[in-house]
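# Residue-level structural notes
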Amino acid sequence: MKIAVLPGDGIGKEIMTQAVRVLRRLGEDGLRMEIEEAPVGGTAYDLAGDPLPEATLKLAREADAILFGAVGDWKYDTLSRPKRPEQGLLGLRKALNLFANLRPAQVYEELASASSLRPDVVAGLDILIVRELTGDIYFGTPRGISTLPNGEREGYNTMRYAESEVRRIARVAFEAARKRGKRLCSVDKANVLETTELWRQVVIETGKEFPDVDLSHMYVDNCAMQLVRNPKQFDVIVTGNMFGDILSDEASMLTGSIGMLPSASLDEHNKGMYEPIHGSAPDIAGKGVANPLATILSAAMMLRYSLGKPEEAERIERAVRKVLREGYRTRDLETPGTRVVGTEEMGAAVVAAL
Ligand code: NAD
Ligand code: IPM
Ligand code: MN
C-alpha cells in the first residue's frame, strides 16, 4: 500500500508528524505500507512556484490513498488565485474527482463537557455530513472581478449543479444512511436558488431507489439553527459544496473542537484523500499546541475506506478514546480537571495507547 503524505502549511506539518507516527506504530505490528511525502500549498509555492506541483499530483494519482494536512497562510492572500495554497487542495479534489466528502461529527463521551453547548444537547451525538466536493459555486463559471461601465468593480461567482452531480452525491448519502440510522436530511436553499431547487428534485428522484431510507429536506439557514438547537435529530445530512463547508465547521464545535473532525474525500471507486476539516491555523502554527486527533482519525478513516484495514482503523479509534479517557487534552479541548498537553505529547499518548 502506497500512502501519499501531503503535510502542507502551518499546523499541517505538526499534526501530520503525529499521524505518521501512529501509522508507523501500526507498521511495527505488521501493517505493510510505503509512505511518500510531497509538498503542497504555500510550502510547494515557495519551493516550486506552484501550490500543486506536477510531481505532487503524480504521487497523489499513483498512491492508494492520500493523507492531507492543511494549507494556507495569510501571507499568500495577495497572490493571484491560481498560485494560492488553497488551489493546491481544490486542484487535487478536482483532478482526482473526489466528489464525495464524508465528515462525521461524533461526540466522544469524555468530550461532551468540552463542547460550547450543554453536555445533554451533544452527548451521544453521531451525525455524518456528506458534502459534495467538486461542484457548486466553488467551481462554477463565469467567475471573476470585473469593472462595470460606470467604473465600479463587480465580483461574481456562479452556483451550478448538473443533475448527474447531484444524483451521484445523493446516492453516496443514501447508501451511507442505509448503513446507519436510515435517515437522510437534504439541505438546500430551494426557496430562493434554482440550483438547489433542482438539487431537491434530483434528491427526491434518487430517493425512489432507496425506499428504506427516510428522506427529509431542510433549508440551510434552518439547518444551521437546528444544529445548535437539537443536533441529535440528524443522522445523515447531504448538501452542496459551500453549505457543507460551513455546516461542517459548525458541527465540529458540537464535538468539542474543530481539531476533532476527520474527513474522507472519495471518488467513484473509493480512492480517497483524508484530511482534518480544519485549516492551517496560522494563529497557533509553530507553537506545538494544535490538536492532532482530527488528522490521526483521518488516518483511521483512510485505513477503513481506501485500504481495507477496518481492524487497524478501529485500533486507532480505540487508542484515541483511551487517551481522552485518561484525561489528555490539547488546549482547544481544555476543561477543568484535564491534563493539557501539546501536539507532540498527544501523538505520543496515542502511540502509547496503541
Ligand atoms: P482554521 O481552521 O485554520 O482555524 C480556525 C480556528 O480554529 C483558529 O483559531 C485555529 O487556531 C483553530 N484550529 C484549527 N485547527 C485546530 C487544531 N487542530 N487544534 C487547535 N485549534 C485549531 O481556519 P481559518 O483560520 O479560517 O483559516 C486559516 C487558513 O487555513 C486559511 O488560509 C484557509 O484558507 C486555510 N484553510 C485550509 C483548510 C484545509 O487545508 N483543508 C481548511 C480550512 C481553512
Ligand atoms: C475545507 C476548507 C477548504 C474548502 C478551503 C481551504 C479551500 O475550508 O476543506 O473545508 O473550502 O473546501
Ligand atoms: Mn472549510
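Residues numbered from 1 in each chain as written. Chains lettered and ligands numbered in written order. Predicted model: local features only at pLDDT ≥ 70, side-chain atom pairs only at ≥ 80, totals over all residues. Heavy atoms only, no water.

## Let's talk about the site of ligand 1
Lining the immediate surroundings of ligand 1 are 22 residues, of which Val-71, Glu-86, Gly-279, Ala-281 and Asp-283 lie closest. Measuring from an oxygen atom of ligand 1, one finds a side-chain N or O atom of Glu-86 at 2.5 Å. Between ligand 1 and Asp-283 there is a distance of 2.8 Å, counted from an oxygen atom to a side-chain nitrogen or oxygen. Bound to the protein, ligand 1 loses 71% of the 800 Å² it would expose on its own. Of all the secondary structure elements, the ones that give two or more residues to the shell around ligand 1 are strand 3 (65–70) and helix 4 (85–95). Grouping the amino acids of the shell around ligand 1 by side-chain chemistry returns 11 nonpolar, six polar and five charged. (Near = heavy atom within 4 Å. Polar contact = N/O pair within 3.5 Å; in protein donor to acceptor, adjacent residues only side chain to side chain. Areas by Shrake-Rupley, 256 points an atom, 1.4 Å probe, with all protein chains shown as cover. Helix = DSSP H or I, 4+ residues; strand = E, 2+ residues; numbered from the N terminus. Nonpolar A, V, L, I, M, F, W, Y, C, P; charged D, E, K, R; others polar.)

## Regarding the site of ligand 2
All residues in the neighbourhood of ligand 2 are listed as Glu-86, Leu-90, Arg-93, Arg-103, Arg-131, Tyr-138, Asp-245 and Ile-277. In this structure, an oxygen atom belonging to ligand 2 sits 2.8 Å away from a side-chain N or O atom of Arg-131. One of the side-chain N or O atoms of Asp-245 is found 2.9 Å from an oxygen atom in ligand 2. Protein contacts shield 79% of the accessible area of ligand 2, which totals 320 Å² for the unbound molecule. The element that contributes the greatest number of residues to the shell around ligand 2 is helix 4, accounting for three residues. The residue inventory of the shell around ligand 2, partitioned by class, reads three nonpolar, no polar and five charged. Each of domain 1 (1–99 + 267–354) and domain 2 (102–259) accounts for three or more of the residues forming the shell around ligand 2. (Domains from an automatic or database assignment.)

## Considering empty space enclosed by the protein
Over the atoms, a rolling probe the size of a water molecule traces out where space has been left empty. Applying the stated criterion across every chain yields a total of one cavity of 30 Å³ or more. As for the largest cavity, its lining consists of Asp-136, Met-159, Tyr-161, Val-187, Asp-188, Thr-196, Trp-199, Thr-239, Gly-240 and Phe-243. Residue composition of the lining of the largest cavity, grouped by class: five nonpolar, three polar and two charged. (1 Å grid on protein atoms, 1.4 Å probe; cavity = no way out; pocket = protein on both sides within 12 Å on 5 of 7 lines; lining within 4 Å. Points joined across faces, edges and corners; volume = space filled by probe spheres on them.)

## Brief notes about the packing of helix 11 (residues 310–325) against helix 12 (residues 343–353)
The N-to-C vectors of helix 11 and helix 12 enclose an angle of 115°; their axes lie 8 Å apart at closest approach. Crossing angle aside, the handedness with which helix 11 passes helix 12 is right-handed. Contacts from Ala-319, Lys-322 and Val-323 of helix 11 reach helix 12 at Met-346, Ala-349, Val-350 and Ala-353. (Axes fitted to C-alpha atoms, helices over the stretch in contact; angles between N-to-C directions. Left-handed = near helix turned anticlockwise from the far one by under 90°. Contact = heavy atoms within 4.5 Å.)

## Focus: helix 12
Looking only at helix 12, the buried set comprises Thr-343, Met-346, Gly-347, Ala-349, Val-350 and Val-351. Against the buried residues of helix 12 lie helix 1 (11–28), helix 10 (293–305), helix 11 and strand 13 (328–329). (Buried < 20%, exposed > 50% of the residue type's maximum accessible area, 1.4 Å probe, protein only.)

## Describing the pattern of salt bridges
Overall, the coordinates contain 23 salt bridges when judged by the stated rule. Among the ionic pairs, Arg-180 bridges to Asp-126, the shortest N-O distance being 3.3 Å. Pair noted here: Arg-180 is in the loop between helix 6 (163–178) and strand 8 (183–188) and Asp-126 is in strand 5 (residues 126–132), with a separation of 54 residues, a long-range link. Look at Asp-126 and you get partly exposed, because its relative accessible area is 35%. Glu-326 is paired through a salt bridge with Lys-322; the nearest N and O atoms lie 3.2 Å apart. Ionic contacts of the salt-bridge type, sharing partners, join the residues Arg-25, Glu-28, Asp-29 and Arg-315 into one network. (Salt bridge = Lys/Arg side-chain N within 4 Å of Asp/Glu carboxyl O.)

## Here we look at helix 7 (residues 194–207)
Between the first and last C-alpha of helix 7 there are 20 Å, a value that for 14 residues agrees with the 20 Å anticipated at 1.5 Å per step. Listing the buried residues of helix 7 in full gives Thr-195, Thr-196, Trp-199, Val-202, Val-203, Thr-206 and Gly-207. Looking down the long axis of helix 7, one finds its buried residues gathered within 140° of arc, a one-sided arrangement. The inward-facing, buried residues of helix 7 abut strand 5, helix 6, strand 8, strand 9 (214–219), strand 10 (236–239) and helix 9 (241–252). (Expected span 1.5 Å × (residues − 1). Arc of directions from axis to C-beta.)

## Concerning the sheet that holds strand 11 (residues 264–266)
Pairing is mixed across the open sheet formed by 10 strands, whose spatial order is 2-1-3-12-11-4-5-10-8-9. Looking along the sheet, the strands with just one partner apiece sit at the ends: strand 2 (34–37) and strand 9. Ignoring which end each strand starts from, the neighbouring axes of this sheet average 25° apart. In the sheet, strand 3 pairs with strand 12 (residues 272–274) via three bridges, with the strands oriented parallel. Bridge assignment links Leu-67 to a residue of strand 12, and that residue is Tyr-274. (Pairing = 2+ DSSP bridges.)

## Observations concerning the domain arrangement of the chain
Taken domain by domain, the chain holds domain 1 (1–99 + 267–354) and domain 2 (102–259). Averaged C-alpha coordinates put domain 1 and domain 2 at centres separated by 23 Å. Domain 1 puts 24 residues into the contact, and the matching count from domain 2 is 25 residues. Roughly 2,200 Å² is buried in total at the junction of domain 1 and domain 2, and carbon and sulfur atoms are behind 64% of that figure. Where domain 1 touches domain 2, the interface holds two salt bridges. A salt bridge links Glu-110 to Arg-325; the nearest nitrogen and oxygen atoms lie 3.7 Å apart. Between the two partners, domain 1 and domain 2, sit six residue pairs in polar contact (both at pLDDT 80 or more). Mapped by element, the contributors of at least two residues to the side of domain 1 that touches domain 2 are helix 4, helix 10 and helix 11. By residue number, the principal contributor to the side of domain 1 that touches domain 2 is helix 10, which donates five residues. (Buried area = accessible area lost by both parts, 1.4 Å probe.)

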